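A look at the structure
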Amino acid sequence: MTISLFIEQILNGLQFGVMLFLMSAGLTLVFGVMGLINLAHGSFYMIGAFAAALFAELTGSFLIAMIASFVAALFAGALTELIIIRKIYKRDHLDQVLATFALILLFSEGIRWIFGAYPLYLDIPNSLSSSFNLPFEIIYSKYRMMIILVGIIIAIILYFLISKTLIGIRIKAGQNDREMIGALGVDVTKLYTIVFSLGAALAGLAGALIGAIQSVEVGMGEPVLILAFVVIVIGGIGSIKGAFVGALLVGITDTMGRFLLPSFFSYFFDNASATSIGSSIASMSIYILMATVLIFKPSGLYGVKK
Amino acid sequence: MIKEEKLNLIILLVLFVIPFLAYLFNEPYLTTLTTKIVILSIAGIGLNFILGYGGLVSFGHAAFFGIGGYVTGILASHAQNSEQMFFFLQFDGSNQILFIWLISIIICSFIALLIGYFSLRTSGVYFIMITLAFAQMLYYFSISWPAYGGEDGLSIYVRNVFPFFNTMNPINFYFICFTWLLIFLTILKIILNSSFGLVLKACKENEERVKSIGINPFNIKLISFVFSGAITGLAGSLYTDLNRFVSPSVLSWQMSGEIMVLVILGGVARLYGPILGAVFYIILEQTLGGVSENWQFWLGLIIILEVLYARAGIMSLFLKDSKS
Amino acid sequence: MTNSILKIDNLSKGFHAVRACENISLEINKNEVHALIGPNGAGKSTLIKLITGFLEQEYGKIFLDNQEISFLTPEERAQKGIARSFQVSSIINNFSVVQNIKLALIGKNKNYLDFLTNINLNKKLLKEAFYYLEEVGLNKKANELASSLSHGEKRKLEICIAISMAPKIFLFDEPMAGLDGESSELILQLFKKIKKRAPILLIEHDMDTVFSLADRVSVLDYGKVIVTGTVSEIKKNKTVKKVYLGTEH
Amino acid sequence: MTNLLNVQNLKAWYADSQVLFGIDLKIEPGQMVALLGRNGMGKSTTIKSLCGIMEKVEGQVFFQGKSIINKPSYEIAKLGFGLVPEGRRVFTNLTVYENLICSAKKGYWSIDKLKLIFPRLNERLSQMASSLSGGEQQMLSIGRALMTNPKLLILDEATEGLSPNLRNEIWKVISEIKKEGISIILIDKYLHKIKALADYLYILSRGKNVWEGNSKDLDDNIVKKFLSV
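What you are looking at is a predicted structure, and each value in this text was computed from that prediction instead of being measured. (Residues numbered from 1 in each chain as written. Chains lettered and ligands numbered in written order. Predicted model: local features only at pLDDT ≥ 70, side-chain atom pairs only at ≥ 80, totals over all residues. Heavy atoms only, no water.)

Let's talk about the overall build of chain B
We apply this condition: Helix and strand definitions here come from DSSP, where helices need a minimum of 4 consecutive H or I residues and strands a minimum of 2 consecutive E residues; each element is numbered from the N-terminal end. Within these notes, the globule rule equals 2.2 Å times the number of residues to the 0.38 power, and the radius of gyration is based on C-alpha atoms. Accessibility here uses a 1.4 Å probe with only protein chains present; expressed as a share of the type maximum, an area under 20% marks a residue as buried, one over 50% as exposed, and anything in between as partly exposed. Note on definitions: a residue-residue contact is assigned when non-hydrogen atoms from the two residues lie within 4.5 Å. Computed with a 1.4 Å probe, the accessible areas rest on the Shrake-Rupley method; for each residue, only the protein chains presented here act as cover. His is not counted, nor are the chain ends; Lys and Arg add positive charge and Asp and Glu add negative charge. In plain terms, the charge of a residue is placed at NZ if it is Lys, CZ if Arg, CG if Asp and CD if Glu.
For chain B, the count of helices and strands is 13 helices and two strands. Since a compact globule built from 324 residues should have a radius of gyration of about 20 Å, the 20 Å found for chain B is in line with a globular shape. The dimensions of chain B, computed from C-alpha atoms along their principal axes, are 55 × 50 × 40 Å. In chain B, buried positions account for 61% of the 324 residues. If you take every contact in chain B between residues at least 6 apart in sequence, the share linking residues at least 24 apart comes to 77%. Of the roughly 12,500 Å² of accessible surface on chain B, a fraction of 68% belongs to carbon and sulfur atoms. In chain B, which carries 16 positive and 16 negative side-chain charges, the distance between the mean positions of the two groups comes to 14 Å.

A look at the sheet that holds strand 6 (residues 81-84) of chain D
Residues and elements named next belong to chain D. Note the threshold: A strand pair is defined by DSSP finding two or more bridges across the two strands. Throughout, an axis means a line fitted to C-alpha atoms (over the contacting stretch in the case of helices), and angles, computed between N-to-C directions, take values from 0 to 180 degrees.
Here six strands make up an open sheet; going across it, the order is 6-7-8-3-9-10 and the pairing mixed. What marks the edges here is a single partner per strand, and that holds for strand 6 and strand 10 (208-213). Going from strand to strand, the sheet's axes swing by 20 degrees on average, the running direction of each strand aside. Bridging between strand 3 (residues 32-36) and strand 9 (residues 200-205) involves four bridges; their strand directions are parallel. Within strand 9, the position partnered with Ala34 by the bridge is Leu201. Strands strand 3, strand 6, strand 7 (152-156), strand 8 (183-187) and strand 9 of the sheet are contacted by helix 1 (residues 43-50), whose axis makes an angle of about 145 degrees with strand 8. Along the sheet, helix 2 (residues 73-80) makes contact with strand 6 and strand 7, crossing strand 6 at roughly 110 degrees.

Considerations on helix 3 (residues 62-81) of chain B
Residues and elements named next belong to chain B. Let me state the cut-off plainly: Multiplying one less than the number of residues by 1.5 Å gives the expected span of a helix.
Taking 1.5 Å of rise per residue, the 20 residues of helix 3 would be expected to cover 28 Å, and the 28 Å separating its terminal C-alpha atoms lies within 8% of that figure. For helix 3, a buried count of 17 out of 20 residues is recorded, marking the element as mostly surrounded by other parts of the structure. Directly after helix 3, the chain includes Ser82, whose backbone phi takes a positive value near 40 degrees.

What to know about the nonpolar core
Our working definition: By nonpolar core we mean a set of buried residues, namely Ala, Val, Leu, Ile, Met, Phe, Trp, Tyr and Cys, connected to one another through side-chain atoms within 4.5 Å. An automatic or database domain assignment is the source of the domain bounds shown.
Ranked by size, the top nonpolar core spans 292 residues in total, and within it C:Phe191, D:Leu5 and D:Phe81 carry the most contacts. Broken down by element, this core gets its largest block of residues, 14 residues, from helix 6 (residues 170-192) of chain B. Composition of this core by domain shows at least three residues from each of domain 1 (1-81 + 167-249) and domain 2 (90-166) of chain C. Leave out the neighbours within four places in its chain, and D:Leu5 touches D:Leu25, D:Lys26, D:Ile27, D:Leu50, D:Val61, D:Phe62, D:Phe63, D:Phe81, D:Leu152 and D:Ile185. Of all hydrophobic cores here, the second largest spans 48 residues; its members include D:Met32, D:Ala129, D:Val223 and D:Leu227.

Describing the pairing of strand 2 (residues 138-141) of chain A
Side-chain positions along a regular strand alternate between the two faces of the sheet. Residue and element names in this part refer to chain A. Of the two faces of strand 2, only the one carrying Ile138 and Tyr140 is buried; Ile139 and Ser141 on the other face are not. The pairing of strand 1 (residues 131-134) with strand 2 spans four bridges and is classified as antiparallel. Residue pairing in the sheet places Leu134 in a bridge with Ile138 of strand 2. Hairpin connection from strand 1 to strand 2: three residues lie between these consecutive antiparallel strands, with Phe136 at a positive phi of about 60 degrees.

Focus on the interface of chain D and chain A
Counted only if it meets this: Each salt bridge in this description consists of a side-chain nitrogen of Lys or Arg and a carboxyl oxygen of Asp or Glu lying within 4 Å of one another. Polar contact criterion, stated in full: a pair of N or O atoms within 3.5 Å, where within protein one must be able to donate a hydrogen and the other to accept it, and residues adjacent in sequence count only if both atoms are side-chain atoms. Gly is placed with the polar residues, together with every amino acid not listed as nonpolar (Ala, Val, Leu, Ile, Met, Phe, Trp, Tyr, Cys and Pro) or charged (Asp, Glu, Lys and Arg).
Facing 19 residues of chain D, the contacting portion of chain A comprises 18 residues. At the junction of chain D and chain A, the tally comes to two salt bridges. The interface formed by chain D and chain A includes six residue pairs in polar contact (both at pLDDT 80 or more). For the side of chain D that touches chain A, the secondary structure elements donating two or more residues are helix 2 and helix 3 (96-102) of chain D. The element contributing the most residues to the side of chain D that touches chain A is helix 2 of chain D, with four residues. Tallied by class, the residues present in the side of chain D that touches chain A amount to 10 nonpolar, five polar and four charged.

Here we look at the sheet that holds strand 4 (residues 56-63) of chain D
Residue and element names in this part refer to chain D. An order of 2-1-4-5 is seen for the four strands of this open sheet, with the pairing classed as antiparallel. Both edges of this open sheet fall to strand 2 (17-27) and strand 5 (66-67), since each of them pairs with a single strand only. Pairing of strand 1 (residues 5-14) with strand 4 involves seven bridges; the strand directions are antiparallel. Bridge pairing in strand 4 links Asn6 to Phe62. Relative to strand 1, helix 1 is tilted by about 110 degrees, and along the sheet it contacts strand 1, strand 2 and strand 4.

Everything listed here is a matter of coordinates, which is why it stays silent on function.
Written out as structure tokens, the structure reads:
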């Protein structure tokens, strides 16, 4: 268990965390500003990945593919908000869960119709396919390092967007007192479309970035969606800072859990059962983390007490 | 348009008759299909008790459906291969279905007590998330536990044994499940008309008022959650015996979603709602499934239309006094 | 052992900078209607929430029938004998009128863990429910949905729920709000009748009600009780006029 | 010259119980009108109905001759309504500065102008609104409404729950704002101040107009009947 291996796992945890942040940012804003549970957020992750795969094939350029994923998910988000989401803001959570659950079916089966049932492949651009060698003999993939950088840059941009620009201020005002910001002349519904589409676009970009490492297939978004829910509940619903901290926390906990727990259990059990128990506990670790956070801080780390 | 009691009776009669028709037209597959409808109905009735009547939106009821399924699968597989169960328990499983049902109900009730105790401290969106989290915990646990088949599941080859009844005969097994459906419908009908039932319905609408007349809503909701977990758990046990196979998919969040869809499509807060929901779901799966394997696209569309416009579920289409 | 049913001793509660209740001490005696008046934001609703346990006090004690209840949960305090109405009427709209009362009786008799007896066939429960409905004149509407009642009838139902609890003290939070003259009069007579069963702590803005019903009146301003006295004393009191009209008018 | 605001037979409902039974109201440009009446008589509900916050309303409401009944509140606000709501409702998760610019519109009123009439706010611009005292939050709420440069400023219980000297400070600010020629609807219970400032008075009781006129016609038995203890 060398130092370099440990640090490489930390970097992997960081990369997973940053990607989770892209997914959670939109989800927490939609949740915080509009109080809406959006199960279909994972579908935008998928749409982004498929759009990237398509455009990578058409144009051969990875950059255009990334832009395509952002724009496609943005467009899909805006369309969904205008046609369906707008009608269920005032509904209770049961209707929201059901409607967005149905949206998953629509998006997944729709994509399967268009692209067929087989996974597509999106290859890493060869400029990033090799890896760095860092001090302490650490070798780390350039592509994953790029993801970490892109994620952090977007986090900074989002932080400024939310805290410094007028749109950001109005979003936060909407979170605090939706009726009052309306009575002061701000068209809240237009604000919702912007927030919803921006969130979808970020999810689409995350889908494309990860699509290059894993495969692009129908249903790839849902497991990540559930992780994103864990992130925003830990971070505190509605808080971008909470989403960032929560994402890194979950990313590192999950990665380190899978890495350390099997070897930890190998002291008590034989290797075979140690890895099985270790990995099963690891996969449960973030849910245990979430349950404990909810019990001690019911509205999350940075959540605002309603 | 008819009254609800009449409609309920018709539903039961139709369910009662189908296996005989299937026997006459020599369509055994139809009996197995109806058994699946009955089992899904039981799962739905369990959820509906706290969702429709108690207003608790649990998005993790697959946890109980899955546990019931795995308890049955594990006990049966040990019995069939007569291996020792757990190193400290000198017990080599059992294939006696009555015993298995008892164990399933006890374990599911205990798990429901645990999950309920923690989840019911939160409310609204957080309750939905924490129930989802607990189910996902169990889902990932089942996937990464090789002893019982891990991701590719566990098959038990032969249905568990019911005294004097050959459970391998589809009609016999169907009537076992049908009886369970009747038992739970009766039990829930009694409870919902009792003082406890009235307080549970009051908790759904106004917990502040329930507190102000001297009752702690938490206890009411926890007891109901345990009942609900036990019923859905037993459905899971029957499901394993029906398929003679159990896999992590019964613990997945998609499963929780499907049970919820049955309840809502059927008609929330209507005792027999989940049955019609299950019938509709299976018919759609069989008919559209045949046409295109993207049948779930149309299911999605129908659910959205139902949420946006119909709201009251299929039951209300037949009822005179359809309250929305 | 005073003959006060409810004794509030030095109760205080603040939210950030605002001191909602500041060392409030009050005593409500047997067969008394004690009115609590004061401008908006004076702390009346906060006080009711503190007494019923929906809010936790920073310091101070509350005694019901000489038994301390300062640390009991809302449902325990209700069991001990506090029955209340809510500023915004809080009844079970999807229940019928009689079911609302049956719910209260189940709470009073503590048989909410009875899973078996069918409440629709329970003659004893029905009779008891109708006894209370007749008192407030809602027996003809027993089977109607609570949501279909008029605003005044909903107020009556809420008071009926409180009466059916047979409490040691009634806490009514603006029962007359939004009522027209005729319903106010009905509720006024109702209060005069039930006053003998248990004292009433009444929060109300409608001065006619306060002056025709209250034995004693306490005026709250900025979270403090500035004066307690009989109706005539309050009417003459200079500071009360000032609280209500700003300066000497 | 059409009046700034003309309200005829305004009715409103909370869920299914009616609260306003036909309110009539007129305001001329530059005029300050006061709505009086005991608590729960419909003053705030009238304001909420005018600003488009009430779900169910009926009747005619014309602003500069244009009908605004049942319009969404953000459209009505854009026409020139500046609301200072009961309970202040400042955005506690924003700084004072952010509260002011959040819904601001270019025009006479700006941050610099506000610094003159609210010196206390000037020092706290970067502070979170949640940390302000009741009086400071009230000033912020007024400042926020002024920053939208409204044609009609609505002050709902602007001096409620403030200490006497703070109350006088707010009254001083209100009279300065009036001098700038902006029309104002004022809801308050401090009769003495209102009689000095308001050009025209309306008294509401149980959701209906019961009296209107200017300050000098308001004699004691009307006050006794509808306002006082």
